[in-house]
There are 2 protein chains.
Amino acid sequence: MVTSGAVGVGRQRLRYRKLVNSSFADLQKPQVELDGKACASVGQSGLMALYDTLFSQLDVTSSQLLVTDSDFKDPDFRMQLSQTVNTLLALRVIPVFNENDAISTRKAPYEDSFGIFWDNDSLAALLALELKADLLVLLSDVEGLYSGPPGEPHSKLIHTYVKERHQSEITFGDKSRVGRGGMTAKVKAAVYAAYAGIPVVITSGFTTDSITKVLKGERVGTLFHQDASKWMLLGEDGAHNMAVSARECSRRLQTVSSEARKKILLDIADALEANEELIRTENEADVAAAQQAEYEKSLISRLTLKPGKISSLANSIRILADMEDPIYRVLKRTELAEGIILEKTSCPLGVLLIVFESRPDALVQIASLAIRSGNGLLLKGGKEAMRSNAILHKVITGAIPDFIGQKLIGLVTSRDEIPDLLKLDDVIDLVIPRGSNKLVDQIKESTKIPVLGHADGICHVYVDKSADMEMAKHIVLDAKIDYPAACNAMETLLIHKDLLKTEGLNDLIVELKSEGVALFGGPRASLEFDIPEAPLLHHEYNSMACTVEVVDDIHAAIDHIHHHGSAHTDCIIAKDLEAAEIFLHQVDSAAVFYNASTRFCDGARFGLGAEVGISTSRIHARGPVGVEGLLTTRWILKGNGQIVDGDKGVVYTHRNLPV
Amino acid sequence: MVTSGAVGVGRQRLRYRKLVNSSFADLQKPQVELDGKACASVGQSGLMALYDTLFSQLDVTSSQLLVTDSDFKDPDFRMQLSQTVNTLLALRVIPVFNENDAISTRKAPYEDSFGIFWDNDSLAALLALELKADLLVLLSDVEGLYSGPPGEPHSKLIHTYVKERHQSEITFGDKSRVGRGGMTAKVKAAVYAAYAGIPVVITSGFTTDSITKVLKGERVGTLFHQDASKWMLLGEDGAHNMAVSARECSRRLQTVSSEARKKILLDIADALEANEELIRTENEADVAAAQQAEYEKSLISRLTLKPGKISSLANSIRILADMEDPIYRVLKRTELAEGIILEKTSCPLGVLLIVFESRPDALVQIASLAIRSGNGLLLKGGKEAMRSNAILHKVITGAIPDFIGQKLIGLVTSRDEIPDLLKLDDVIDLVIPRGSNKLVDQIKESTKIPVLGHADGICHVYVDKSADMEMAKHIVLDAKIDYPAACNAMETLLIHKDLLKTEGLNDLIVELKSEGVALFGGPRASLEFDIPEAPLLHHEYNSMACTVEVVDDIHAAIDHIHHHGSAHTDCIIAKDLEAAEIFLHQVDSAAVFYNASTRFCDGARFGLGAEVGISTSRIHARGPVGVEGLLTTRWILKGNGQIVDGDKGVVYTHRNLPV
């Protein structure tokens, strides 16, 4: 351990001594600043007493080692120092180093080009080398090295220092760019030690357990390592570079003709079929590994590319290729004034990040959608599909011509990169998580990039008193049983109170039970039907189970849905058209259905073509989202020299023109 | 100060003692847990030694006061305790209290219904009362009291404890809801002291400077105060309640007819005119105060409601009232299969939060837009317009009928509430900041709610080598001079290199200078034109100044815009149609113009009616945003009993129907 603080402790004590020994007349004179060496001399013993007390609480003994710069000029000293330290460590005694300031003949504590060390940071780096330390931790008053002054909103903590990239900023850049003064010295010491072979972490001395966190390998502070430049492709640099490359390639993709984008898709379809055997081999390896690891059956089934899947994927890409080009379409054309035409056109969002689980076919679908819509793409698949994803990615990017660049579609292979990617709100435009609620929730919590998707799918079916009970039975069963794990499954059945004790309702309940659906009740239904109470009314079972509750009327049903729902898909079954209208008008969900199964809430069934996901967000896209969720708009205005000049000369017509 | 820790320190020491005194045979026997009282006895002196060392670093003396429960039963003790403590404090000595565990006859350290205190939290509360403390700070290992287990994503720190609201959760709720065990005791002690008149803050003992922060009145930890319930309308509860009320009212607003919404707008217009005198009086008071405070002239000018402004505002509301209802319009109608009709309809976003500066007329415009589009609204204006905003809010909400509720539009009066509002991503759907870049930036940095707006407006005009230089001069001057502080002002002028040394360009530069525009150059232009170098190429002047740079060709111009721009509005001036097409196609900004001034980028000039703002986000709405930026969509599906049943029986037609 290398410590500072002796001068500070000593100054405090000496001021007190001086005061006690002063006459009132002395105090009238100008006060001379206390001598630093005297302070160090007084303070060092106080400082060590403090360490001794603190360490003794842990039954650890500390020892004091005061060194000066000139000591290190003696090779015998260096050898002996190692021996002393090793002896202390063998006895589990902590050596506490400090510069012997009271004795040292150096005047200023800053860099001395003739010195071997010149402050406690350089002393620490020197000792780390001398003593062949495994790791050097430098504690600061900030979290680590920042890209700009810490505390400014755009400054980011640099997790891994890469000499080639960061050195110029620090050595030649504006000094304030590396934060408070002390950081420059720390970075210098860290670079020195790291490139001599000792890894260094600069982290905060104020954060609880920061040293323990570093030792556990947690991602805190800034790491300096001589191999860091080799890791450039990983970590925040890697993530950033990947996203920037995807953006650059996507801009080239956008400049080519619609035909050229179509051709890429057709080439990908051909490449997939040509490499079918290879893809299946890799996929079988993934499946075998998953079986050995005893993953759930449903996961293995989603992981497996069944026979015929490759050609069906290739065919769906060919259909996408033949689709009308979704970008650069004029959505609206207006004449603003004589000779000024304004067009609102569709254009790609930019760079998409898709995080998906298990299904390797999702990679193919999403990649082709991205190309069709002119977007760059970063893909992160589940590790269980690692080999399948790698080969699919290779085959697909292999079909992208060089003048666009294969980096159009990046494959993120390590889970560790996700946090870095989620920080890139300046380069990534949309995140689409496809997977469990937990995955979606985690991503939503941890990024500022807009997220398209839904965490919960708590769909309600409300059976009105006017319902055709035979229809209700059909719809309710389909909404629950057809595919219980899907997000459009009914999770809560709401029943108008007038239906209680009717034959139709009894029949419905019996049928649900006999199909194997476990019923849980809200406060009223659990009494009425003698079923266990549901733990929460806002609950997604994702299985053959659902909540049942009794409501007084349609307004109570709507309130229940607003209170406990997830604004995904909610359905009314009724013959009463007035009730239906109230429900359709007032239920504030992405999709509201009348006399039809919640299952229809699906991109393919809605006729949107490929489905990007179902969004419960109210912004950008809502409900099942097709390719239009990957697009934004751009306003293009063509004039012939018009100016505004305070609107004096312009006669606005605002005439809509055909598109 | 009340401290724990004696038992811990003592146990450590006694274990060592015991080990030293053990034979190897002793160590084979089962080890008996050390006696707590013995540990306390040993540890207390070590604990005090530690405090003494730490305080002595600050030249402060500490003193030990060990008390037991039974001491407090003696009234003489209580009086004498106060005297002792006051004597110590007068000498600037810190009394350090602890329960005299070694002596106390109580067995368990938990609540004892006969005890006067039962742990250090209740001791602290008791002492705070006895000694008439100004404030009690309880230090915990978490930031304060959370609404659920700390660390879970949905748990929120409660900044102000309101007994009426939080008590039931804590006393009767699931114990884990208040976090780790110790918190229950702290809350109990805090409630006891607070309702006896001593304010209490529970905060983290691990956070740097947490006590100093509390003393400075910073917003850390959880505050307990006997008047907290009176503050219910402020703080996080107030913000949340306000937003929830706005949502409830907006749902009622959505259920009424389009005619009813229209009538509200007309009533508001009438009410504004009827109260014109009152409004002007309040506005004059704001203006007078601003003049006295010597605010900038431009601010005072924006603050002033000029004569005729009220009736012009009233008239624009009447125009809005007559506008086609923007909500519940069918945007798309599809027959999915025989008898299943799907409609995509427009609907309100929900609750909007608008943060605006100075202009009180913005309040009127935004409130009427919100009503027209069926949204709830929270408004936060600048404090310089406080009285104007208050009266306008009162007049407007006074015209909202009771069956909808005046809380449809909430006026936030204190800046302190903004952070609370920005946290409500579950109730507020969109934030629209209208004000300085700094305001927009701060809001974007501190919320998960989507933000509509733009931080920077760094618009470029690129003058191609093919440009008509007379046209270029007109457009460039208009783009810079017409209104230099607006976001659609040109900030950077890019010039094709072939134009250097031409008469047309010289003329343009001379004209800019003679109009008083200060020119700064990029690396090339600063040499060419002998002008100072621009500090940054990404820079918004917002004044009579701009950056000039020379580029090799159109591709270099596009690269420059992508690198240094803000994707707001960029313009090309050229006769070469091919160059124009490349520019319009490739420049990835919200608005891209050809041969027209950047000034046209404006909601009114675009013919969008009222402008909500200009968005540089790529999501939801981009460029000038009219009322459609306040809308989302809802999918409405009507069937007659259809189910999916694995798509076996459904024949999808996906036929587009007229809307």
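To be clear, the structure that these remarks concern was listed above.
Below is a summary of the structure that appears in this document. (Residues numbered from 1 in each chain as written. Chains lettered and ligands numbered in written order. Predicted model: local features only at pLDDT ≥ 70, side-chain atom pairs only at ≥ 80, totals over all residues. Heavy atoms only, no water.)

Focus on the relation of the copies chain A and chain B
So, point 1. For the pair chain A and chain B, the superposition axis carries a translation of 0.1 Å, the fit reaches an RMSD of 0.2 Å, and the rotation angle comes to 180 degrees. Look at the turn and shift together and you get a two-fold axis relating the two. Considering only C-alpha atoms, the part of chain A nearest the rotation axis is A:His620, at 1.9 Å.
So, point 2. When the interface residues of chain A are mapped onto chain B, 100% of them again fall at the interface, so both copies present the same face. (Least-squares fit on C-alpha atoms with pLDDT ≥ 70 in both. Contact = heavy atoms within 4.5 Å.)

A few points about a nonpolar patch on the surface
So, point 1. Where nonpolar side chains cluster on the molecular surface, the patch consists of A:Leu19, A:Phe24 and A:Leu27 and spans about 340 Å² of accessible area.
So, point 2. Positionally, A:Phe24 belongs in helix α2 (residues 24-28). (Patch = residues over 30% accessible without salt bridge, like charges linked within 9 Å, V, L, I, M, F, W, Y side chains within 5 Å. Areas by Shrake-Rupley, 256 points an atom, 1.4 Å probe, with all protein chains shown as cover. Salt bridge = Lys/Arg side-chain N within 4 Å of Asp/Glu carboxyl O. Helix = DSSP H or I, 4+ residues; strand = E, 2+ residues; numbered from the N terminus.)

Considering the pairing of strand β18 (residues 591-596) of chain A
So, point 1. Burial runs high along β18(A): six of the six residues are buried.
So, point 2. The sheet contact formed by strand β17 (residues 569-573) of chain A and β18(A) spans four bridges and is parallel. Within β18(A), the residue paired with A:Ile572 across the bridge is A:Tyr594.
So, point 3. The parallel pair β17(A) and β18(A), bridged by helix α22 (residues 577-586) of chain A, forms a crossover whose chirality is right-handed.
So, point 4. The sheet contact formed by β18(A) and strand β21 (residues 631-642) of chain B spans five bridges and is parallel. Looking at β21(B), one finds that A:Ala596 is bridged to B:Gln642. (Buried < 20%, exposed > 50% of the residue type's maximum accessible area, 1.4 Å probe, protein only. Pairing = 2+ DSSP bridges. Right-handed = clockwise from strand over helix to strand, strands pointing away.)

Description of unusual backbone geometry
So, point 1. Despite not being glycine, A:Asp59 has its phi angle at roughly 60 degrees, a positive value.
So, point 2. Inspection of the secondary structure puts A:Asp59 in the loop between α3 (36-56) and β1 (61-67).
So, point 3. Of note in this structure, B:Asn542 is not a glycine but carries a positive phi near 60 degrees.

As for the interface of chain A and chain B
So, point 1. On the chain B side, the residues contacting the 92 residues of chain A number 92 residues.
So, point 2. Where chain A touches chain B, the interface holds 12 salt bridges.
So, point 3. When the shortest N-O distance is used, the salt bridge between A:Arg634 and B:Asp588 registers 3.5 Å.
So, point 4. At the boundary of chain A with chain B, the tally comes to 58 residue pairs in polar contact (both at pLDDT 80 or more).
So, point 5. Among the elements that take part in the side of chain A that touches chain B, strand β21 (residues 631-642) of chain A stands out by supplying 11 residues, more than any other.
So, point 6. Taken together, the residues that form the side of chain A that touches chain B break down as 39 nonpolar, 29 polar and 24 charged. (Polar contact = N/O pair within 3.5 Å; in protein donor to acceptor, adjacent residues only side chain to side chain. Nonpolar A, V, L, I, M, F, W, Y, C, P; charged D, E, K, R; others polar.)

Focus: the pattern of salt bridges
So, point 1. Under the criterion given, the structure shown has 66 salt bridges over all chains.
So, point 2. B:Lys473 is the partner of B:Asp507 in a salt bridge, and the nearest nitrogen-oxygen pair spans 3.1 Å. Taken together, the residues span a long stretch of sequence, with B:Asp507 in helix α19 (residues 503-514) and B:Lys473 in helix α18 (residues 469-481) at a distance of 34 residues.
So, point 3. Its relative accessible area of 13% is what places B:Lys473 among the buried residues.
So, point 4. Taken together, the shared-partner salt bridges in this structure form one network comprising A:Arg247, A:Arg251, A:Asp429, A:Arg634, B:Asp588, B:Arg618 and B:Arg622.

Digging into helix α11 (residues 276-292) of chain A
All names here are of chain A.
So, point 1. For α11, built from 17 residues, the straight-helix expectation of 24 Å at 1.5 Å per residue is met to within 8% by its first-to-last C-alpha distance of 24 Å.
So, point 2. Within α11, the full set of buried residues consists of Ile279, Glu282, Asn283, Asp286, Val287 and Ala290. Taken down its axis, α11 places every buried residue within 140 degrees of arc, on the same side. Exposed residues pointing more than 90 degrees away from the buried face of α11 are listed as Glu277 and Gln292.
So, point 3. Elements that come into contact with the buried residues of α11 comprise α10 (258-274), α12 (297-303), α13 (309-322), α14 (360-372) and α15 (386-398).
So, point 4. Positive backbone phi, at 55 degrees, marks Glu294, one or two positions downstream of α11. (Expected span 1.5 Å × (residues − 1). Arc of directions from axis to C-beta.)

On their own, these measurements won't tell you what the molecule is for.
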